[in-house]
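Given next are the chains, with one letter for each unit.
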Amino acid sequence: MKGVVFVKFNEFIEELWGEEFWDELLDEAKLPSEGAYTTVVTYDDQELFILIGLVADKQNISLKDVLFTFGKWVFKEFYNIAPAGAHDFKDVFEFLYAVQDFIHVDVKKINPDALVPEFKFLSATDNKLSFHYLSPRKLCFFCEGILHGLAVHMGQEIKVSQPECEHEGGQRCVFEVEKI
Amino acid sequence: MKKTIEPQTSELILTEIKTVEELQKRIAVLERKAAREKKARNMAEKQLERYSLEIYQINQSLKSALAFSTKKQCELEYLGKASMGDASELPLNQMIGNMVELTCEYCAADYGFYLVTEDGVPVEGTPDNAWSKELGWQGQSELQNLVNANLPLSQADVLESWFVSALSDDDAQHFGWVLYMNFALSDSKIGWLAFLSKKASFDEGIFPILATARDDLNSGIRRRLTDIRILKRNVQLQDSVNNLESAKRQLIQSEKMASLGQLAAGVAHEINNPVAFVRSNMEVFKGYIHDYKSLLDNIKSELATHNKLDMTFFTALCEKVDLTYIDEDSTALLTSNIEGLDRVRDIVGNLKNFSNAGDAKLTQMSLSKCVDAALRITGNVYKYEHQVDNQLTDLCPVVLGDLGQLQQVFVNLFINAAYAMQGGGKLSIWHTEDDQRVIVHVKDTGSGMDEETISQLFIPFFTTKPVGVGTGLGLSVSYVILEAHNVQVTVDSEIGFGTTFNLSFPVSL
């Protein structure tokens, strides 16, 4: 996983629970990288999962909540460092359509080895969009958080549901996003 | 002085100790954070170095790929243009000149030369045989001498490839090398291409490209030399065709004259008859003139004696020579003579038309007039034992044709028909029309022909007539004439009943 995710997770934890908590997490995690994260390096996905697991334990919250909250928080961070063209969209659905055709393409230009999720759009109306989320990392809760971060940024209210989820015994992860 | 610690002070100290511990803990956290930041920075810097190295290597690779592709592009451009020139319709010298210009630029030479040798000696050719990018084609005698001195011009054979020779400093005029090749031209001549360069070294890597261009050039030269040979052969063939055309015209004319020969006796008879009665009439006229002279002499004598002419005496003189009869008969004789001479004139005129070689130009003509003329020529053949039923009138459509030649065809058919009807018979001529074609039918009631004879009808020298009667060329020549008129011929024949020739002419619109 690209180092930018770890750097942002570090900032997220420190913002919520302080530098000491982050230090404590690293001390317990005994990670190969020792927590020395930089955006230009790629790290083992497992390090993030260990850190998230520790946060859940120590703060007594679910993994889903950690991932959701981090996703919602991190959207604005990713948005700020996204290619300029990504800033042209004023609607949640428009942005989602552009994600893999435009934003992920630009991400790949800068990081050819970046593993980005794929969206397969299943159905769409003016107010409702359904798509299949495909990612070997299976970070659908993180994605849900990002969707909410996106809606906050766009000033729109949305309701997100997952009629199918691999973590709930489904064959795949499907999102339904509805504008309220 | 001993300082005592009050309870209040001890609480304060405890608080301070706690604060110190927290601070130490805080410092430890920050130190670890700083260590992580430092380590992360080092990792980032190393990563950036790796990226820089990768970018440098990619850059180098791109530069070499660009150089390679530029070189390939030059090679392709050179070969493409050379090949286009070779495959074009440019004349030989222009194609070779084109090759000199392209090769000179491709191998970065300063001058390119084209020269021709015969038996190892340069042939005096065009003076402007040196090309440079700056000056174009010019005469460069000094440089030409330098090239000649460094090329194996005395060699009569074609070299197998390109060669390059380094030039010695003494007489090289600052030129470093000369590149050359040769190729076979026609008539044991050899063409040479040579290129002079001031560069010290020659890139031998371009030899394969030059070899390909050389193959293309040789192919282009061979094609042009073959074209020249084909052109010469075409001229010869055209001459042969012209000779054959001329021979064909002569054959047609000869056959026509042969037909005329067969008709000569009859024609002579036709002419002889009027000539005989004209002559006989003239004899009578001679007597009449004598009678007139006698009458005139008697009148003169009477006038000399009596100085007058008595009407009774004059009447007696007239009656003596039967002047009334002479007057009447003279008019009849003159009319008869004029008619006789008209007949001779018509016969001679038709013969003249018939024997005229003509220029074989097709003009609009009447088939009925053509058949009439042919019947007049062959009239004597049908005079005594045959009937002729010519139903062709001016209603028969006009066709494009050569009157003399078609007359020859009909004369031939009529002679053959008469020959087939020895002892009498009927010749019928009529026409039918069918989809822009007019078909003239010539039917005789003669002996008819079997299938084998019909199949050989149009073969030259085939004849059923005895030796000395026919040439065997009549129908074959007629067939040639009819083909030239786009006329289709069919023959219907039955042994013992006769033959019908059907000539189908395209109607002239």
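This text goes with the structure placed above it.
First things first, this report covers the structure right here in the doc. (Residues numbered from 1 in each chain as written. Chains lettered and ligands numbered in written order. Predicted model: local features only at pLDDT ≥ 70, side-chain atom pairs only at ≥ 80, totals over all residues. Heavy atoms only, no water.)

1. Some points on empty space enclosed by the protein
Residues and elements named next belong to chain B.
- Enumeration according to the criterion identifies two cavities of 30 Å³ or more in this entry.
- The computed volume of the second largest cavity comes to approximately 30 Å³.
- Around the second largest cavity, the lining residues are Val409, Leu413, Phe458, Leu475, Ser478, Tyr479, Leu482, Val489, Phe501 and Leu503.
- Of all the elements in the fold, those that place two or more residues in the lining of the second largest cavity are α8 (403-420), α10 (474-484) and β14 (498-506). (1 Å grid on protein atoms, 1.4 Å probe; cavity = no way out; pocket = protein on both sides within 12 Å on 5 of 7 lines; lining within 4 Å. Points joined across faces, edges and corners; volume = space filled by probe spheres on them. Helix = DSSP H or I, 4+ residues; strand = E, 2+ residues; numbered from the N terminus.)

2. As for the side chain of Ser428 of chain B
- Turning to its location among the elements, Ser428 of chain B is positioned in strand β11 (residues 425-433).
- Every residue in contact with Ser428 of chain B, bar those within four places of it in the chain, is listed here: Asp389, His441, Val442 and Lys443 of chain B. (Contact = heavy atoms within 4.5 Å.)

3. Observations regarding the packing of helix α3 (residues 63-81) of chain A against helix α5 (residues 140-154) of chain A
All names here are of chain A.
- Axis separation between α3 and α5 bottoms out at 6 Å; the angle between their running directions is 45°. Classed by the angle they form, the pair α3 and α5 counts as oblique. Viewed along their axes, α3 and α5 form a crossing whose handedness is right-handed. Across the interface between the two elements, Lys64, Leu67, Phe68, Phe70, Gly71, Lys72, Val74, Phe75, Phe78 and Tyr79 of α3 pack against Phe141, Phe142, Glu144, Gly145, Ile146, His148, Gly149, Leu150, Val152 and His153 of α5.
- Here the contact of α3 with α5 is composed, by residue class, of twelve nonpolar, five polar and three charged. (Axes fitted to C-alpha atoms, helices over the stretch in contact; angles between N-to-C directions. Parallel < 35°, antiparallel > 145°, perpendicular 65-115°, else oblique. Left-handed = near helix turned anticlockwise from the far one by under 90°. Nonpolar A, V, L, I, M, F, W, Y, C, P; charged D, E, K, R; others polar.)

4. Section: unusual backbone geometry
- Its identity as a non-glycine residue notwithstanding, Asn60 of chain A has a phi of 55°, on the positive side.
- Among the structural elements, Asn60 of chain A can be located in the loop between α2 (45-59) and α3.
- Classification of Asn60 of chain A by relative accessible area gives exposed; the value is 70%.
- Unlike most non-glycine residues, Asp435 of chain B shows phi in positive territory, near 45°.
- Position of Asp435 of chain B among the secondary structure elements: in the loop between β11 and β12 (437-444).
- Residue Asp435 of chain B is classed as exposed on the basis of its relative accessible area, which comes to 66%. (Buried < 20%, exposed > 50% of the residue type's maximum accessible area, 1.4 Å probe, protein only.)

5. Focus on the interface of chain B and chain A
- Taken together, the twelve residues of chain B in the interface contact 16 residues of chain A.
- The junction of chain B with chain A conceals about 1,300 Å² of combined surface from both sides, 51% of it contributed by carbon and sulfur atoms.
- Across the salt bridge formed by Arg32 of chain B and Asp23 of chain A, the nearest N and O atoms sit 2.3 Å from each other.
- Counting every contact that joins chain B to chain A gives nine residue pairs in polar contact (both at pLDDT 80 or more). (Buried area = accessible area lost by both parts, 1.4 Å probe. Salt bridge = Lys/Arg side-chain N within 4 Å of Asp/Glu carboxyl O. Polar contact = N/O pair within 3.5 Å; in protein donor to acceptor, adjacent residues only side chain to side chain.)

6. Thoughts on the nonpolar core
- Counting residues in each nonpolar core, the largest one holds 59 residues, and the members touching the most others are Phe9, Leu51, Phe95 and Tyr133 of chain A.
- At the level of elements, α1 (3-29), α2, α3, α4 (92-110), β2 (128-134), α5, β3 (158-164) and β4 (173-179) of chain A are the ones that each hand at least two residues to this core.
- Counting residues per element, this core draws most heavily on α1 of chain A, which supplies twelve residues.
- With near-sequence residues (within four places) excluded, Phe95 of chain A lies in contact with Phe75, Tyr79, Ala86, Phe89, Ile103, Leu150 and Met154 of chain A.
- Core analysis: the second largest hydrophobic core is formed by 44 residues, Ile252, Phe414, Ala418 and Val491 of chain B among them. (Core = buried A, V, L, I, M, F, W, Y, C linked by side-chain atoms within 4.5 Å.)

7. Describing the pattern of salt bridges
- Applying the stated criterion across every chain, the model contains 28 salt bridges over all chains.
- For the salt bridge of Lys71 of chain B with Glu75 of chain B, the shortest nitrogen-to-oxygen distance reads 4.0 Å. A residue pair is termed a helical-turn pair when its members lie 3 or 4 positions apart in one helix, as Lys71 of chain B and Glu75 of chain B do in helix α1 (residues 7-87) at four residues.
- For Glu75 of chain B, a relative accessible area of 5% gives the class buried.
- Between Lys72 of chain B and Glu75 of chain B there is a salt bridge, with its nearest N and O atoms 3.3 Å apart. Residue Lys72 of chain B and its partner Glu75 of chain B are both found in helix α1; the two are separated by three residues, about one turn of the helix.
- Several salt bridges share partner residues, and in doing so they unite Glu14, Glu19 and Glu20 of chain A together with Arg26 and Lys33 of chain B into one network.

8. Things to note about a negative patch on the surface
Residue and element names in this part refer to chain B.
- Together, Glu319, Asp322, Asp327 and Glu328 give the surface a local cluster of negative charge.
- By the element assignment, Glu319 lies in helix α5 (residues 311-321).
- For Glu319, a relative accessible area of 60% corresponds to the exposed category. (Patch = residues over 30% accessible without salt bridge, like charges linked within 9 Å, V, L, I, M, F, W, Y side chains within 5 Å. Areas by Shrake-Rupley, 256 points an atom, 1.4 Å probe, with all protein chains shown as cover. Lys, Arg positive; Asp, Glu negative; His and termini not counted. Charge placed at Lys NZ, Arg CZ, Asp CG, Glu CD.)

9. Points about a nonpolar patch on the surface
- Among the surface-exposed residues, Ile13, Leu14 and Ile17 of chain B lie close enough to one another that they form a single nonpolar patch of about 250 Å² accessible area.
- Mapped onto the secondary structure, Ile13 of chain B falls in helix α1.

10. Some details on the sheet that holds strand β13 (residues 488-494) of chain B
Residues and elements named next belong to chain B.
- A sheet is described by the order of its strands in space; here five strands give the open sequence β9-β11-β12-β14-β13, paired in mixed fashion. Here the strands that pair on one side only, and so sit at the sheet edges, are β9 (386-390) and β13. Neighbour-to-neighbour, the strand axes of the sheet open up by a mean angle of 15°, direction not taken into account.
- Two strands pair when backbone bridges link them, and β13 and β14 are joined in this way by seven bridges, in the antiparallel orientation. The residue bridging Val491 from the neighbouring strand is Phe501, located in β14. (Pairing = 2+ DSSP bridges.)

11. Quick notes on the layout of surface pockets
All names here are of chain A.
- Space inside the largest pocket adds up to approximately 1,100 Å³.
- Elements supplying a minimum of two residues to the lining of the largest pocket: α1, α3, α4 and α5.
- Here the lining of the largest pocket gets seven residues from one element, more than from any other, and that element is α4.
- Its residues assigned to classes, the lining of the largest pocket comprises 29 nonpolar, four polar and two charged.

12. Section: α8 of chain B
Residue and element names in this part refer to chain B.
- Taking 1.5 Å of rise per residue, the 18 residues of α8 would be expected to cover 26 Å, and the 25 Å separating its terminal C-alpha atoms lies within 8% of that figure.
- Most of α8 sits out of view: 14 of its 18 residues are buried.
- The distance from a side-chain oxygen at the start of α8 to the backbone nitrogen of Gly404 is 3.2 Å, and the residue carrying that oxygen is Asp402. (Expected span 1.5 Å × (residues − 1).)

That is the geometry; function is a separate question.
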